[in-house]
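Structure assessment
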Amino acid sequence: MSVEGGVLNGFLKPAAQTVTLDSDKSVTLEYKASTPAGTLVSDTAVSGRVVGTDLQIDSANPAYFRDPFSGIFKLKDNVLNIDLSDFVPDPRSLYQEFRNSNCTGNVSNPLALSRSNYGFLAFSAQGDMLGYLEEAVISGPDATLPDPLIYRTYADRVFNFKGTCTFQAGDGTTYTENYDISLVKGWNTLVAGRGSNSATVRNAAPGNRVELRFEPLKPSVFVSLDTSPLEFRTNDTVTVNARLIQIGDYSGTVTLSTDLPGLTVEPSSVTLKPLPRTSAQGVSGQNVQPQSLSTKLTFRYAGAQRQLYNQFVQVLVKTPAGQQVGDGSVFVTINKPEFGIFTSLPTERLSVFAGEQSVVPVGTTSMTGFTDPITVTLENAPAGITATPTTGQVNTQINLPLTVAANVVPGSYDVTLVGTSGSQVRRTTLKLQVQPRRVALGQVAVTFMTLAPNGDLWGAQGSRVIQIRGEQVVGTHELPASATAKRIQTGPDGSIWVATVEGQLYRKGADQAQKFSSVTARIFSPGVPFGIDRQGRAWVMAFDGFNVPALHRINPSTNEDTVIATVKPANSAVPVANDSVGENIVFPAADGTLVKVNTTAGTSVASAAALLSSEEMGNQVSVLSIAQDRQGKLWGTVGGYRTISFRQIDLQNLTFSPAVTFGEVSFSSYSQVQSVVENAQTAWLAEGGALHQFNLGDRTRKTVFLGSDDVINFLSIAPKVGIAYGFKSRYDTTGQQYLVYSR
């Protein structure tokens, strides 16, 4: 027989029993009182066992308590018991909750302050934020509301509110809460019926039962640092205490980095163990005990930003695959002592010479208290150029010794100066202009030089004339102490002529032993070229500034000074030039044509075409020189108005080749402009510290800048190939003069 008890309200129905009847048989049915599900809602208490997770929850906070990461209400075996009468919110956390831009409606007491709490934040024993604990209504009068949830609201006085509050989420969607509530001073129990984008909030009815439901947070990691800011000054590392907070039950290996280039974190990876569960068994059946996630993190900075950096930096938490799963922030200050280097030159260019030693002046400067020594070296130098590493103090000039081998090819090279002190390295670029080997000429300026037919160079140097053969000064010829050589000319007969600043002429014959002798005749423009004929006579265009310029023929043998009449006059003391054998001399006339004079007969003829056009004369263009090239051909050089032109002169027919013109020539100082035509293919121009080489064939040019502190004093055809020029440095206190051959 089956015996089954009936239903009795308030009691659990006993299980059915099956028995075999005999003469003495009894059946007992035991009715036990039933326990309702959930916890009865109280206005002064929150209690219940957490459902929906096996995570071990250690403590909880009201949902608006987000700092610190630790709870104020302790749980035991995941059971929460809060006596709200003992918990009064800080008055500073209360505010006019329903009188703000989000809410519309009627607040009965405008001065009322309140604070609503929609749940509790749940934490692990070591402060990991796990999720929310919500009082979800499961039975009672308000259980018929959609997804009902208990709100706990604290008010500082009695007031009513009927209206609407609208909130905007981070994704732009809105959520609306419709209120009809009456609040008393202290804690109040409200209930919200929730939909997808709205809720209805009212006072909760008595008799509701709730369960403490767990809602997990999205798993992530938050890095909390005890120290801020991180200051990098004389140090490269900062070690601080840190906590890696496992939000939403995150576990596994993560990497640590920052969003500031050069700022790294050590250790760069950390393994976060699974959090404790309510059962004694954890992952893979092994015991999982609460562990402290406090650790020390060392931040190391080796980036390029070293001065006045004050910004927040993100500490990035990523999976080994590179997906970001968390972060933190820290304020970083970088203001490290530094130094700088620069070239102590008027420009970032230095001229050096093959076969010599030099010094690169390197300036140093301190920033933010830098005091350590600095070592200067050289990088990217061509083969044959070496520097000796040199150490000096900051805020001083460090002279870097430089050695240039004799076989280094002349040219312009970009080299790098390197300053090193500890881990700091600074670089700056220097343009190194390697010049050909040079010949020292002494400390008196050589103002002019010319090439004699035998291949010797003759130079005007103060009160003497120097004779150079190859790379050596082979002779020194003294003039009277009162004389200062200005210009030197060589004649077809091998004679050497000197015009002095005082207007005196001196002459020496081809005989090497012969001395310079004074010529009686005087000239007014000693710096202007003059011609020498085959008989050793000088032809000079004399102009005193008042009378008409006149062509003078000076015979050194008889001291005879004869004025030669010409078909056309000159307009000033213009250049006079002879041909290679001294049969003819030429000069530019006042109208721009060229006058040729036969030195034997004294007759003259003018060219039909103009060497210098009226338009050029109107543009302040003038004849810079008429001179022979290496083959004895005559060339006229015309310059001014930022151009220079070269014209070959056909002396037989007295005609000119088409002008080869180059632009972008500064002519900043006519006194420093010198030109030489080497042959039909190559011409040279010196202006200040620049040397231009012109290709008369394809009309291209190459410019070599010696340096802003160098000035070319003279320019001449070299004995074999190329040109010879002389220069000195404005800043060379020794006054040393040099001769350089270039091609």
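Definitions and limits used
Within each chain, residue numbers correspond to sequence positions counted from 1 in written order. Local features in a predicted model are, by the rule used here, given only for residues with pLDDT of at least 70; side-chain atom pairs are given and counted only at 80 or more, and totals for whole chains, interfaces and linings are based on all residues. Side-chain numbers come from the whole structure's heavy atoms, not from hydrogens or water. Every helix listed is a DSSP run of H or I at least four residues long, and every strand listed is a run of E at least two residues long, numbered separately from the N terminus. We compute the radius of gyration over the C-alpha atoms and compare it with the globule rule, which gives 2.2 Å times the number of residues raised to the power 0.38. Any residue under 20% of the maximum accessible area for its type is buried, any over 50% is exposed, and the rest in between are partly exposed; the area is computed with a 1.4 Å probe on protein chains only. Throughout, a contact is declared for two residues whenever any of their heavy atoms are within 4.5 Å. Only the protein chains shown count as covering a residue, and every accessible area follows the Shrake-Rupley method with a 1.4 Å probe. When charges are tallied, Lys and Arg are placed among the positive residues and Asp and Glu among the negative ones, while His and the ends of the chain are skipped. A single reference atom marks each charge: NZ on Lys, CZ on Arg, CG on Asp, CD on Glu. Two strands pair if DSSP finds at least two bridges between them. Defined by distance alone, a disulfide is two cysteine sulfur atoms within 2.5 Å. Salt bridges are defined by distance alone: a side-chain nitrogen of Lys or Arg within 4 Å of a carboxyl oxygen of Asp or Glu. Polar contact is the term for a pair of N or O atoms within 3.5 Å; when the atoms are in protein, one must be able to donate a hydrogen and the other to accept it, and sequence-neighboring residues count only if both atoms are side-chain atoms. Ring pairs are drawn from Phe, Tyr and Trp, using the six-membered ring of Trp, whenever the two centres fall within 6.5 Å, and their geometry is named by plane angle: stacked under 30 degrees, edge-to-face over 60, tilted for the rest. As used here, the term nonpolar core means buried Ala, Val, Leu, Ile, Met, Phe, Trp, Tyr and Cys residues forming a set that is joined through side-chain atoms within 4.5 Å. Values of pLDDT, which run from 0 to 100, indicate the predictor's confidence residue by residue.

Glancing now at the overall build of the chain. From N to C terminus, the chain includes 1 helix and 66 strands. Computed over the C-alpha atoms, the radius of gyration of the chain is 52 Å, more than 25% above the 27 Å expected from 2.2 N^0.38 for a compact globule of 743 residues. When the 743 residues of the chain are sorted by exposure, 47% land in the buried category. Summarising the internal contacts of the chain: among those between residues at least 6 apart in sequence, 54% fall at separations of at least 24. Here the chain has roughly 35,300 Å² of accessible surface; of this, 49% comes from carbon and sulfur atoms. For the chain, the distance from the average position of its 58 positive side-chain charges to the average position of its 61 negative side-chain charges is 6 Å.

Next up on the list: the sheet that holds strand S47 (residues 531-532). In spatial order, the strands read S47-S48-S49-S50; together these 4 strands make up an open sheet with antiparallel pairing. Strands with a single pairing partner mark the edges of an open sheet, and in this sheet they are S47 and strand S50 (560-564).

Note on terminology: disulfide describes a covalent bond linking the sulfur atoms of two cysteines. Here the structure, examined in full by the defined rule, presents 1 disulfide. A disulfide bridge connects cysteine 103 with cysteine 165, and the sulfur atoms are separated by 2.0 Å. Looking down the S-S bond of the cysteine 103 and cysteine 165 bridge, the torsion is 110°, so its handedness is right-handed. Highlighted residues: cysteine 103 in strand S10 (residues 103-107) and cysteine 165 in strand S15 (residues 159-168), separated in sequence by 62 residues. Overall, the relative accessible area of 10% leaves cysteine 103 in the buried class.

We now examine the pattern of salt bridges. Per the stated rule, a full pass over the model turns up 21 salt bridges. One salt bridge in this structure joins arginine 157 and aspartate 156, with 3.1 Å as the shortest N-O distance. With a shortest N-O distance of 2.6 Å, lysine 568 and aspartate 591 are connected by a salt bridge. In this pair, lysine 568 sits in the loop between S50 and strand S51 (577-578) while aspartate 591 sits in the loop between strand S52 (584-588) and strand S53 (593-598), placing the two residues 23 residues apart along the sequence. Salt bridges linked by common partners bring Asp54, Asp249 and Arg277 together as one network.

Within the secondary structure, asparagine 578 sits in strand S51. On the basis of relative accessibility, which here comes to 8%, the residue asparagine 578 falls in the buried class. Within the structure, asparagine 578 has its side chain in polar contact with the backbone nitrogen of isoleucine 532 (distance 2.9 Å). If sequence neighbours within four positions are ignored, asparagine 578 has contacts with Pro492, Gly531, Ile532, Asn584, Ile585, Gln628 and Leu634.

Now for the packing of aromatic side chains. What characterises a pair of aromatic rings is the spacing of the ring centres plus the angle enclosed by the ring planes. All told, the structure shown has 18 aromatic pairs when counted by the stated rule. Both rings, one in tryptophan 458 and one in phenylalanine 516, keep their centres 6.4 Å apart while their planes meet at 80°; by these two values the pair is edge-to-face. Here the residue tryptophan 458 occupies a position in strand S40 (residues 457-461), and phenylalanine 516 occupies one in the loop between strand S45 (504-508) and strand S46 (517-522), the gap between them amounting to 58 residues. The class of tryptophan 458 is buried, set by a relative accessible area of 2%. Given a relative accessible area of 13%, phenylalanine 516 falls into the buried group. The interplanar angle of 40° and the centroid separation of 4.4 Å between the aromatic rings of phenylalanine 662 and phenylalanine 694 together place this pair among those described as tilted. Highlighted residues: phenylalanine 662 in strand S59 (residues 660-662) and phenylalanine 694 in strand S62 (residues 690-695), separated in sequence by 32 residues.

Quick look at the nonpolar core now. One finds Phe232, Phe299 and Val332 to be the most contacted residues of the largest nonpolar core, which totals 28 residues. Those residues in contact with phenylalanine 299 that lie beyond four places of it in its chain are Leu225, Leu230, Phe232, Asp236, Thr237, Val238, Val240, Thr258, Leu263, Thr264, Val265 and Val315. Core analysis: the next-biggest nonpolar cluster, separate from the first, contains 23 residues, Phe339, Val394, Val415 and Leu432 among them.

A separate point is the pairing of strand S29 (residues 338-343). Among the 6 residues in S29, 5 count as buried, and that is most of the element. In this structure, S29 lies alongside strand S31 (residues 357-367), joined through 6 bridges in antiparallel fashion. Note that in S31 the partner of threonine 343 across the bridge is valine 362.

Another point: the sheet that holds S53. Across a sheet, strands are paired by hydrogen bonds formed along the backbone, either parallel or antiparallel in direction. As summarised here, the arrangement of the 4 strands in space is S51-S52-S53-S54, forming an open sheet in which the pairing is antiparallel. Of all the strands in the sheet, the pair left with one neighbour each is S51 and strand S54 (604-610). Pairing of S52 with S53, which is carried by 5 bridges, proceeds in the antiparallel orientation. Across the sheet, residue valine 586 finds its bridge partner in S53, namely lysine 596.

Among the secondary structure elements, alanine 590 is positioned in the loop between S52 and S53. On a C-alpha basis, the gap between alanine 590 and alanine 570 in space is 4.6 Å, while along the polypeptide they are 20 residues apart. Leave out the neighbours within four places in its chain, and alanine 590 touches Pro569, Ala570, Asn571 and Met617.

With that settled, consider the side chain of threonine 599. Its location among the elements puts threonine 599 in the loop between S53 and S54. The buried category is assigned to threonine 599, whose relative accessible area is 1%. For threonine 599, the residues in contact, after removing those within four places along its chain, are Asp533, Arg537, Trp539, Gly582, Glu583, Asn584 and Ile585.

We now examine the confidence of the model for the chain. Residues with a pLDDT of 70 or more make up 93% of the chain, whose mean pLDDT is 87. The low-confidence segment residues 66-70 (pLDDT under 50) makes 12 contacts with residues lying over four places distant or belonging to another chain. For the stretch residues 280-292, pLDDT sits under 50, and the model shows 19 contacts to residues farther than four places along the chain or on other chains.

Moving on, we get to the environment of serine 182. Turning to its location among the elements, serine 182 is positioned in strand S16 (residues 174-183). Each C-alpha atom, one on serine 182 and one on glycine 363, is 80 Å from the other, the two residues being 181 residues apart in sequence. Residues within four places of serine 182 in sequence aside, it is in contact with Phe159, Asn160, Asn188 and Asn203. Side chain to side chain, serine 182 and asparagine 160 meet in a polar contact 3.1 Å long.

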